[in-house]
Number of protein chains: 2
Amino acid sequence: MSFIATPLSMHFEDALPLQGGASIHHYDLAYETYGELNAERSNAVLVCHALNASHHVAGVYADQPKSEGWWDNMIGPGKPVDTNRFFVIGVNNLGSCFGSTGPMHENPDTGRVYGADFPVVTVEDWVDAQARLLDRLGITRLAAVLGGSLGGMQALCWSLRHPERLAHAVVVASAPNLNAENIAFNEVARRAIVTDPDFHGGNFYDHGVVPRRGLRIARMIGHITYLSDDVMNQKFGRQLRDGLELKYSTQDIEFEIESYLRYQGDKFSDYFDANTYLLITRALDYFDPARAHAGNLTQALAASQAKYLLVSFTTDWRFAPARSREIVKSLLENQRRVSYAEIDAPHGHDAFLLDDPRYLGVMRSYFESIAKEIA
Amino acid sequence: MSFIATPLSMHFEDALPLQGGASIHHYDLAYETYGELNAERSNAVLVCHALNASHHVAGVYADQPKSEGWWDNMIGPGKPVDTNRFFVIGVNNLGSCFGSTGPMHENPDTGRVYGADFPVVTVEDWVDAQARLLDRLGITRLAAVLGGSLGGMQALCWSLRHPERLAHAVVVASAPNLNAENIAFNEVARRAIVTDPDFHGGNFYDHGVVPRRGLRIARMIGHITYLSDDVMNQKFGRQLRDGLELKYSTQDIEFEIESYLRYQGDKFSDYFDANTYLLITRALDYFDPARAHAGNLTQALAASQAKYLLVSFTTDWRFAPARSREIVKSLLENQRRVSYAEIDAPHGHDAFLLDDPRYLGVMRSYFESIAKEIA
């Protein structure tokens, strides 16, 4: 069993200006911390989460032995990101449905649930909100910002937006922006949600319903893209769910892969918020630090001062190694210090959450070197 | 402008037994023919269609100058499959929504529209129905059966099910079966349709509605998988639809790729039948000649007597070259004559419908050699 984690919350009164022009005020950020902040306040590591995750990064909640945080294999006492050495902070992002202020909460300006009125938030906005949380925690400078996938985008963004506030950015299974295919998958998922009659333009809370059909489809699409072709063939192949005989039906479950996807879709629709799904996929779509530099990533990364570790996985077709290499190349063109590990792993995008010894070994070594810098 | 094509229809009274145990009787097959059947009746080429296509393979309809058949670049006078030499037959498959008997037609047993009661049809069933059409046309043996994607599966199936009735099977951008990822995409599309409240369990015709939401999602998913990542980046990239400014909206169209996908989805939902979509994707899922041989494709292909041309495209991730190579390998293990062309094309699965000179050149050469055998 892992250590006990305790969810915390910080309230913010002041308006946070957002990239989209709106602002949000009177909001809460859910967070957790593991380990101890040292006297020099120099050992803090911020962990940024991806689509379906939260501030609950590691440990378990008291009396919930199966509630391991989503990166519990990576973070904890004696783990690659060792909480005996680092003070680790997990923050739930604005717009999420896991504790921080989101579309299911009351809009202080209207007294009604935000719903569709929750403002569009970007990776930059999240980073700014995280920076304010660090201010309140008395942390001026981070030893590292760490994240995978959308979390890696936040780590990269941190190094550009607040370059003086971090020593290292650890960007795992990520990309400098989404490509057309990624946006396309996000858009299909969003259309499935938005066109579900139970979505009610985003104000389904008022109707006592949830757009489950759309959420199920969104999650099924997601799962296909998280897995590699190979691992899907290995885990499911063409295996039938029931015995050897075909049912010859278009609607009954015939193949194991169908059963798996329907189960994942059902489960997701029980707990994930539809507006949050729209917001988070849009934050993914919008992230593109090179945009302000006419598409020149090298110019965009000139602002950085951090040292970097980039990690990618060979079978990840959602955030392919080539995308990480773009970042590496642009950092090198800026004479930044960057380490890059391309892990030969069969699991596709999901690999960044799994127990691959080479991957965990790279992370351990890198964080050991950070720990030495601090000591 | 291309030549004038004339749609034809053949009625069949007798029951066609289906793989699923049911049968279908009193049905029609829509078809077209181009060129002339020679005196020896030896120059017939059957063209099998894929998901969103029909018997209208080539030529245009009188007074509809933009109604080119779906493989008009491949088939016609002087084209790779030269209708000055070959008698080409296009057949619309059972269950389709383009003319042959399908779920939108009357069930002769009940006097009501089939709807959800239309029996599940398989690639084998389609091939058997095509064979009956050939019987009626007085064609005992085909010079070739030709198809791409799902059409290629039919060509392969022909060579196993009626091996004495064809000299050549031309299997383009196809596979010996769908892998788990392909089934997964089909299943998501089907769930989007089936869970659309306007689907009414498949009997939406009685309600005067169409499950457009589901059809749109299905088509959007399809389009993503037909294109390669590269061509999608090249055609759309991260280009915004309107100017340079972001709108910061989760529901408005922001990127060109979103606009393209929504347009394709809308258009498709105007004309494609939801039950047909379920039936055709299921036929794809079920096709697996190796299944009756405990997964041994080489044993399955031992029944074949034809000569083969296999063609695949390097960027096709829906029916990847590796899948065509499996067929080639198993044919070679059976000492069958097989030619194989792996075309370096950027367009993904769609490439089999496009004007790639190397691809069209390979097809032309192969059909010239068939023509010489006949002459």
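Residues numbered from 1 in each chain as written. Chains lettered and ligands numbered in written order. Predicted model: local features only at pLDDT ≥ 70, side-chain atom pairs only at ≥ 80, totals over all residues. Heavy atoms only, no water.

Draft legend 1. Representation of the overall build of chain A in the model. Within chain A, the secondary structure is distributed over ten helices and twelve strands. What you see for chain A is a C-alpha radius of gyration of 21 Å, in line with the 21 Å of a compact globule of 375 residues. Expressed as lengths along the three principal axes of its C-alpha atoms, the size of chain A is roughly 65 × 50 × 50 Å. Across the 375 residues in chain A, those meeting the buried criterion constitute 61%. Put simply, of all contacts in chain A between residues at least 6 apart along the chain, 70% involve residues at least 24 apart. (Helix = DSSP H or I, 4+ residues; strand = E, 2+ residues; numbered from the N terminus. Rg over C-alpha atoms; globule rule 2.2 N^0.38 Å. Buried < 20%, exposed > 50% of the residue type's maximum accessible area, 1.4 Å probe, protein only. Contact = heavy atoms within 4.5 Å.)

Draft legend 2. Spotlight on the packing of helix α4 (residues 212-226) of chain A against helix α6 (residues 256-271) of chain A. All names here are of chain A. For the pair α4 and α6, interaxial distance at closest approach is 8 Å and the crossing angle is 125°. The angle between α4 and α6 places the two elements in the oblique class. In this structure, the crossing between α4 and α6 has a hand that is right-handed. Here Arg212, Leu215, Arg216, Arg219, Met220, His223 and Ile224 of α4 come into contact with α6, specifically with Tyr260, Leu261, Arg262, Gln264, Gly265, Asp266, Phe268, Ser269, Asp270 and Tyr271. When the residues that make up the contact of α4 with α6 are grouped by side-chain class, the tally is seven nonpolar, four polar and six charged. (Axes fitted to C-alpha atoms, helices over the stretch in contact; angles between N-to-C directions. Parallel < 35°, antiparallel > 145°, perpendicular 65-115°, else oblique. Left-handed = near helix turned anticlockwise from the far one by under 90°. Nonpolar A, V, L, I, M, F, W, Y, C, P; charged D, E, K, R; others polar.)

Draft legend 3. Inspection of the interface of chain A and chain B at higher detail. Each side of the interface is counted separately: chain A has 58 residues, and chain B has 58 residues. A combined buried area of about 5100 Å² lies between chain A and chain B, and 61% of that area is made up of carbon and sulfur atoms. Linking chain A to chain B there are eight salt bridges. The salt bridge partner of Glu258(A) is Arg190(B), with a shortest N-O separation of 2.8 Å. Our enumeration of links across chain A and chain B arrives at 28 residue pairs in polar contact (both at pLDDT 80 or more). When residues of the side of chain A that touches chain B are traced back to their parent elements, those giving at least two are α3 (180-194), α4, α5 (229-235), α6 and α7 (274-286) of chain A. (Buried area = accessible area lost by both parts, 1.4 Å probe. Salt bridge = Lys/Arg side-chain N within 4 Å of Asp/Glu carboxyl O. Polar contact = N/O pair within 3.5 Å; in protein donor to acceptor, adjacent residues only side chain to side chain.)

Draft legend 4. Spatial organisation of the relation of the copies chain A and chain B. Overlaying chain A with chain B gives an RMSD of 0.0 Å, the required rotation being 180° about an axis along which the chain moves by 0.0 Å. Such values leave the two copies arranged in the relation of a two-fold axis. Looking at chain A, 100% of its interface residues are interface residues in chain B too, so the copies touch through the same face. (Least-squares fit on C-alpha atoms with pLDDT ≥ 70 in both.)

Draft legend 5. Fine view of α6(A). Taking 1.5 Å of rise per residue, the 16 residues of α6(A) would be expected to cover 22 Å, and the 24 Å separating its terminal C-alpha atoms lies within 8% of that figure. Within α6(A), burial applies to Ile257(A), Glu258(A), Ser259(A), Tyr260(A), Leu261(A), Arg262(A), Gln264(A), Gly265(A), Phe268(A) and Ser269(A). Where the residues of α6(A) are buried, they touch α4, α5 and α7 of chain A together with α3 (180-194) and α7 (274-286) of chain B. (Expected span 1.5 Å × (residues − 1).)

Draft legend 6. Region of interest: the environment of Asn275(A). Residue and element names in this part refer to chain A. Within the secondary structure, Asn275 sits in helix α7. Sequence spacing of Asn275 and Pro119 is 156 residues, and the spatial spacing of their C-alpha atoms is 11 Å. One polar contact links Asn275 to Tyr205, side chain to side chain, over a distance of 2.9 Å.

Draft legend 7. A look at the sheet that holds strand β8 (residues 87-91) of chain B. Residues and elements named next belong to chain B. Pairing in this open sheet of eight strands is mixed, and the strands run β1-β4-β8-β5-β9-β10-β11-β12 from one edge to the other. Pairing within the sheet leaves two strands with one partner each, and these edge strands are β1 (8-12) and β12 (338-343). Recorded for the sheet is a direction-independent mean angle of 20° between the axes of neighbouring strands. Here strand β5 (residues 44-48) runs beside β8; their pairing, made up of four bridges, is parallel. Among the inter-strand pairings, Leu46 is bridged to a residue of β8, identified as Ile89. In the packing of helix α1 (residues 123-136) onto the sheet, contacts are made with β1, β4 (27-34), β5, β8 and β9 (142-148), and the angle to β1 comes to roughly 100°. The strands that helix α10 (residues 357-374) touches are β5, β9, β10 (166-172), β11 (307-313) and β12; relative to β11, the one it contacts most, it runs at about 175°. (Pairing = 2+ DSSP bridges.)

Draft legend 8. Fine view of the packing of α3(B) against helix α4 (residues 212-226) of chain B. All names here are of chain B. At a minimum axis distance of 7 Å, the contact between α3 and α4 shows a crossing angle of 160°. Overall, the two elements α3 and α4 adopt an arrangement that is roughly antiparallel. As for how α3 packs across α4, the hand of that crossing is right-handed. For the pair α3 and α4, the contacting residues are Phe185, Val188, Ala189, Ala192 and Ile193 in the first and Gly214, Leu215, Ile217, Ala218, Ile221 and Thr225 in the second.

Draft legend 9. A look at the sheet that holds strand β1 (residues 8-12) of chain A. All names here are of chain A. Pairing within the open sheet is mixed, and its eight strands lie in the order β1-β4-β8-β5-β9-β10-β11-β12. Two strands bound the open sheet, and with one partner strand each, they are β1 and β12 (338-343). Mean inter-strand twist for the sheet, computed between neighbouring axes without regard to direction, equals 20°. Bridging between strand β9 (residues 142-148) and strand β10 (residues 166-172) involves six bridges; their strand directions are parallel. Within β10, the residue paired with Ala144 across the bridge is His168. On top of the sheet, helix α2 (residues 150-161) reaches β5 (44-48), β9, β10 and β11 (307-313); it is set at about 145° to β9, its chief contact.

Draft legend 10. Expanded view of the pattern of salt bridges. Residue and element names in this part refer to chain A. On inspection of all chains with the given rule, the structure shows 44 salt bridges over all chains. When the shortest N-O distance is used, the salt bridge between Asp270 and Arg212 registers 3.0 Å. Residue Asp270 is found in helix α6, and its partner Arg212 is found in helix α4; the two are separated by 58 residues along the sequence. For Arg212, a relative accessible area of 32% corresponds to the partly exposed category.

Draft legend 11. Fine view of the pairing of β11(A). Residue and element names in this part refer to chain A. Burial within β11 is extensive, with six of its seven residues counted as buried. Two strands pair when backbone bridges link them, and β10 and β11 are joined in this way by five bridges, in the parallel orientation. Within β11, the position partnered with Val171 by the bridge is Leu310. Pairing analysis gives six bridges linking β11 to β12, with the strands arranged parallel. In the strand pairing of β12, Ser312 is matched with Glu342. What joins β11 to β12 is helix α9 (residues 321-333), and the crossover it makes is right-handed. (Right-handed = clockwise from strand over helix to strand, strands pointing away.)

Draft legend 12. A look at the nonpolar core. Within the largest apolar cluster, 188 residues are counted, with the highest numbers of intra-cluster contacts made by Ile89(A), Trp158(A), Ile89(B) and Trp158(B). Beyond its immediate chain neighbours, meaning those up to four positions away, Trp158(A) contacts Leu46(A), Cys48(A), Val127(A), Gln130(A), Ala131(A), Leu134(A), Leu142(A), Val145(A), Pro163(A), Arg165(A) and Leu166(A). (Core = buried A, V, L, I, M, F, W, Y, C linked by side-chain atoms within 4.5 Å.)

Draft legend 13. Looking closely at the side chain of Asp288(B). Assignment of secondary structure puts Asp288(B) in the loop between α7 and α8 (297-301). For Asp288(B), a relative accessible area of 13% corresponds to the buried category. Of note is the side chain of Asp288(B), whose polar atom sits 3.1 Å from the side chain of Asn177(B). The residues contacting Asp288(B), other than those within four sequence positions of it, are Arg238(A), Pro176(B) and Asn177(B).

Draft legend 14. Broad picture of the environment of Ala167(B). Residues and elements named next belong to chain B. One can find Ala167 in strand β10. Residue Ala167 is classed as buried on the basis of its relative accessible area, which comes to 16%. Along the backbone, Ala167 and Ala143 are 24 residues apart, and their C-alpha atoms lie at a distance of 5.2 Å. Not counting chain neighbours up to four residues away, the residues in contact with Ala167 comprise Arg141, Leu142, Ala143, Ala306 and Lys307.

All quantities given are derived from atomic positions and should not be read as evidence of function.
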